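Commentary on secondary and tertiary structure
These are the residues of each chain, in order.
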Amino acid sequence: MEINKIVYVSDCVFEENGVKVCDPFYEILKTLDAEVTFRHDPPEDFNQIDLLILHPFEMNAQIFETIDHGKHQKRVIKTIVISNAHESDLFLQAINVGVDKYLLKPIDPEAVKKVAVRLIQHVMEAKQAEKAYKQINLMVRAISQTSLLVRMDRHGIIIEVNDLLSHLLGISSDRIIGSHWKPFVEHRFWLYLQLLIREHLREGETHRRIIELVGSAGEILIVDATIYAIRDELGAVEEIVFIGQDVSEVNRAILASMEQLIDYDTSLTVLFDHRYEAILVNRKYLELNGYHQSEDFLNSCDVWTWMIEDTNGASIILSDGHGRKESLESIFIGVRNHDIQDKVIVVDSYNNKRYYTVHISSMANPIIRSEQYHILYFVDVTHLERLKEEKLSDAKLMIVGRLAAAITHEINTPITYIKGNLELLKWECEGKMAQLESYFKPINEGVERIESIVASMYEFASTGKEEMKPCSLDKTLVNALRFIMNRAKHITPILFNGVMFSNSTKYDEKECITMGILTRLEQVWIIIINNALDEFEKRGLRYEDRQLSLYLHCNAHYAIVRISDNAGGISASMLDGIFDFAVGGDKKKSMGIGLNVAKAIIDKHGGTIRVSNENNGATFEIVLKIYKEKE
């Protein structure tokens with residue numbers, strides 16, 4: 001326990017009946033629980049003195065100099081002057097130098113003792129306050145060196161900021177002090193801080209939250225902030241104190257570990273923060289799009305079209321002009337709110353389509369347990385969807401094939417009767433054939449045309465085993481045109497390689513050979529031409545203004561087939577999804593199978609198919625590899 005030290009200075013002589021006696025004030029002071037020292041002359045070192053009592057025989061300037069010197073050496077020292085001098089000037093001097101008690105004699109020694117006890121108590125309190133003040137200064141210094149410190153007034157104007165924060169932000173304290181807090185805080189936290197300052201701060205309450213501060217170059221500083229208010233005696237907010245720890249490195253370490261975690265996933269994976277904002281994508285996602293960093297990928301434009309499929313068909317999730325980050329966040333919100341419960345479809349710039357099921361998992365944020373990170377998984381089910389579509393298409397084509405086979409069988413029977421009876425009729429008219437030749441010729445041509453159509457239908461309806469073998473693209477195009485000519489001749493003229501097509505048009509079986517399935521390729525041409533005929537029937541063009549042209553070109557490596565019309569083209573809303581199932585054609589007029597069947601067939605043959613609007617119409621371009629016989 002600390003002992004209080006009292007120094008008693010006196011040059012007075014006390015006598016009783018001519019005999020010197022002890023100083024009565026000193027004697028009673030010795031009874032105090034303190035170390036009391038008697039001196040005749042004032043001390044020079046006051047650092048170890050708690051209470052200085054001066055009892056001079058006569059008041060002089062040295063008394064006041066001693067007190068002034070003591071107050072300057074030790075701020076908490078207390079002083080008592082015992083004097084019989086009653087002059088007002090002395091009182092003023094005593095007050096001026098900071099004498100704590102000026103006691104006039106005569107005075108009872110007990111009264112002096114009481115004053116000394118009270119002043120010693122004041123000294124003890126002052127020592128404790130000074131010690132606490134030093135501790136607070138040490139704490140503030142430690143906070144300033146290890147934590148971020150900001151003080152604001154109740155209007156949000158910054159009145160103090162420590163060097164550590166200004167250094168991390170890259171902004172001098174002179175520029176920060178006197179400014180409002182908004183420019184230094186990421187804008188999505190503004191509402192939270194405004195409400196906190198205006199409504200929610202209470203004396204003694206603290207609020208903790210991760211806040212993102214903005215540096216001089218726009219860089220983000222992640223801070224674990226503790227915020228509290230200092231209130232005046234009326235309870236109004238006087239100051240707001242912000243103490244924070246920079247957790248940017250911790251956050252980066254957490255994100256790095258999470259990035260490694262999602263990189264191991266074989267599906268396309270996206271990491272979201274507690275605000276449902278996309279912040280990371282896994283390595284597979286980056287490699288698929290040709291990026292190395294998540295930031296570059298998320299900040300880029302979305303060249304994919306995301307769609308959701310339901311009972312009403314496929315619909316676009318977001319309209320044009322959005323970025324990848326917005327697309328992923330929209331999908332996440334849709335899955336979280338159960339607006340997306342089935343598959344999502346993505347179509348790239350080459351009109352290739354892929355199908356994904358989407359799933360969400362969550363994990364606690366290691367920094368703030370009340371917040372979570374979320375992971376969105378895209379599981380590729382394209383193979384299953386293609387298999388399902390192929391099975392459906394195969395089933396429909398099988399039905400069409402059986403129907404075509406039945407029709408050709410039924411047509412063959414009356415054709416046989418017609419041909420037989422036509423021969424009998426020729427025999428009966430043998431003597432008059434020269435005159436009747438003009439009548440028999442068109443009948444023969446009609447029968448031959450029917451036989452050509454029936455032969456093409458037999459090929460189309462072939463139910464034999466499909467296998468890839470060399471086939472002539474010239475032959476497939478002519479067969480398809482013969483098959484569809486009966487309908488087309490009433491709708492539009494058809495040009496094949498610049499020449500008007502008719503049923504008598506011949507083909508070269510050695511022209512443009514590719515490895516493929518002849519009947520399947522014929523189906524592709526029939527589907528595309530049928531859809532063009534449907535579009536012509538919807539338009540008001542005159543017959544002579546219509547044109548459907550097919551062009552076949554080969555080089556050493558590739559064969560190119562272009563099918564073009566001038567029926568007005570394909571609407572922009574349908575162009576991106578034109579190869580979706582059952583998009584093209586009126587089911588009452590066409591075979592009820594969409595252009596996706598044609599695309600699937602071309603894909604199976606290792607080729608490509610594209611569509612564009614040109615010359616007020618649609619142009620389909622199909623590229624296939626040329627077959628080269630091995631030597």
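Bear in mind that the values here come from a model prediction, so they are computed numbers and not experimental data. (Residues numbered from 1 in each chain as written. Predicted model: local features only at pLDDT ≥ 70, side-chain atom pairs only at ≥ 80, totals over all residues. Heavy atoms only, no water.)

Moving on: the pairing of strand 5 (residues 51–55). The buried fraction of strand 5 is high, at 5 of 5 residues. Alternating residues of strand 5 divide into L51, I53 and H55 and L52 and L54, and every residue in both groups is buried. Pairing between strand 5 and strand 6 (residues 78–83): 4 bridges, direction parallel. Within the sheet, the bridge partner assigned to L51 lies in strand 6 and is K78. (Buried < 20%, exposed > 50% of the residue type's maximum accessible area, 1.4 Å probe, protein only. Helix = DSSP H or I, 4+ residues; strand = E, 2+ residues; numbered from the N terminus. Pairing = 2+ DSSP bridges.)

Let us now look at the confidence of the model for the chain. Residues of the chain with pLDDT of at least 70 account for 88%, and the chain-wide mean is 82. Across the chain, the element-wise mean pLDDT spans from 60 in strand 3 (residues 19–21) up to 94 in strand 25 (residues 558–565). Long-range and interchain partners of residues 582–593, a stretch whose pLDDT sits below 50, account for 27 contacts in this model, where long-range means more than four residues apart. (pLDDT = per-residue confidence, 0-100. Contact = heavy atoms within 4.5 Å.)

Where helix 2 (residues 61–73) contacts helix 3 (residues 88–97), the axes come no closer than 9 Å and their chain directions differ by 15 degrees. One element, helix 2, and the other, helix 3, form an angle in the roughly parallel class. Crossing handedness for the pair helix 2 and helix 3: right-handed. Counting all contacts with helix 2, which are made through F64, I67, D68 and K71, the residues of helix 3 involved are L90, Q93, A94 and V97. A class-by-class count of the residues in the contact of helix 2 with helix 3 yields 5 nonpolar, 1 polar and 2 charged. (Axes fitted to C-alpha atoms, helices over the stretch in contact; angles between N-to-C directions. Parallel < 35°, antiparallel > 145°, perpendicular 65-115°, else oblique. Left-handed = near helix turned anticlockwise from the far one by under 90°. Nonpolar A, V, L, I, M, F, W, Y, C, P; charged D, E, K, R; others polar.)

Turning next to the pattern of salt bridges. In the structure shown here, the tally under the stated rule is 25 salt bridges. The partner of R39 in a salt bridge is D41, with the nearest N and O atoms 3.6 Å apart. Here R39 falls in the partly exposed class, since its relative accessible area comes to 29%. Overall, the relative accessible area of 44% leaves D41 in the partly exposed class. (Salt bridge = Lys/Arg side-chain N within 4 Å of Asp/Glu carboxyl O.)

As for its placement among the helices and strands, D273 is situated in the loop between strand 13 (268–272) and strand 14 (278–281). Not counting the four nearest positions on each side in its chain, D273 is found in contact with I279, Q372, Y373 and H374.

Bringing the sheet that holds strand 5 into the picture now. Across the sheet, which stays open at both edges, the 5 strands sit in the order 4-1-5-6-7 with parallel pairing between neighbours. Taken across any chain shown, the strands that pair with only one partner, and hence form the sheet edges, are strand 4 (35–39) and strand 7 (101–104). On average, adjacent strands in this sheet sit at an angle of 15 degrees to one another, irrespective of strand direction. Across 5 bridges, strand 1 (residues 5–10) lies against strand 5 in parallel orientation. Each residue of the ladder has a partner; that of V7, found in strand 5, is L52. Along the sheet, helix 2 contacts strand 5 and strand 6; its crossing angle with strand 6, the most-contacted strand, is approximately 170 degrees.

Turning our eyes to something else, we now look at the packing of helix 14 (residues 473–488) against helix 15 (residues 518–538). If you want to describe how two helices pack, look at the angle between their axes and the distance between the axes. In the contact formed by helix 14 and helix 15, the axes pass within 9 Å of each other and the chain directions differ by 40 degrees. Along this stretch, helix 14 crosses helix 15, giving a crossing that reads as right-handed. In this structure, helix 14 contributes L473, K475, T476, L477, N479, A480, L481, F483, I484, R487 and A488 to the contact, and helix 15 contributes L518, L521, E522, W525, I526, I529, N530, L533, D534 and E537. Taken together, the residues that form the contact of helix 14 with helix 15 break down as 13 nonpolar, 3 polar and 5 charged.

For Y276, the location among the structural elements is in the loop between strand 13 and strand 14. Setting aside its immediate chain neighbours within four residues, Y276 contacts E329, F332, I333, R336 and H374.

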